[in-house]
Amino acid sequence: MTNYNSEQLNLFTQPIAVTVELGCTVKRAAQIVDRSPNSIYEQLRKNKPYLRKGDTGTWQIDSTGKKDGSILVNVAIIYSPTDKHWRLA
């Protein structure tokens with residue numbers, strides 16, 4: 001009998017991304033993560049997500065495209081259930 005336990009994804013220990021806001025402007029994203037819009041634009045211009053470590057996880061901002069000349073982004077917080085700030089009941 002084959003043991004697949006070592007190949008299964010354990011959802012109780014894997015980092016999880018929770019969406020905070022979808023399709024917002026970089027200015028709004030900067031307000032959410034408490035950083036300047038320029039620091040976010042700098043990463044997005046390199047086609048990389050903006051990452052910022054926080055007390056309860058890592059903020060991630062990804063570009064979703066442009067609309068009316070503005071760059072639109074998705075904002076998420078990535079946390080680990082094994083982190084001391086996030087415990088499963």
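Given the structure is predicted, the values throughout are model-derived calculations rather than measurements.

S.K.: Outline the sheet that holds strand 4 (residues 70-79), supporting the account with residue identities and numerical values.
M.R.: Strand order in the open sheet formed by four strands is 1-4-3-2, and the pairing between neighbours is antiparallel. Each edge of the open sheet carries a strand with a single partner, namely strand 1 (16-25) and strand 2 (50-53). Sheet twist, expressed as the average angle between the axes of neighbouring strands with direction ignored, equals 20 degrees. Bridge count for strand 1 against strand 4 is seven bridges, and the pairing is antiparallel. Within the sheet, the bridge partner assigned to Ala 17 lies in strand 4 and is Ile 78. Strands strand 2, strand 3 (58-67) and strand 4 of the sheet are contacted by helix 2 (residues 37-45), whose axis makes an angle of about 70 degrees with strand 3.

Cut-off values and rules
- Residues numbered from 1 in each chain as written.
- Predicted model: local features only at pLDDT ≥ 70, side-chain atom pairs only at ≥ 80, totals over all residues.
- Heavy atoms only, no water.
- Pairing = 2+ DSSP bridges.
- Helix = DSSP H or I, 4+ residues; strand = E, 2+ residues; numbered from the N terminus.
- Axes fitted to C-alpha atoms, helices over the stretch in contact; angles between N-to-C directions.
- Contact = heavy atoms within 4.5 Å.

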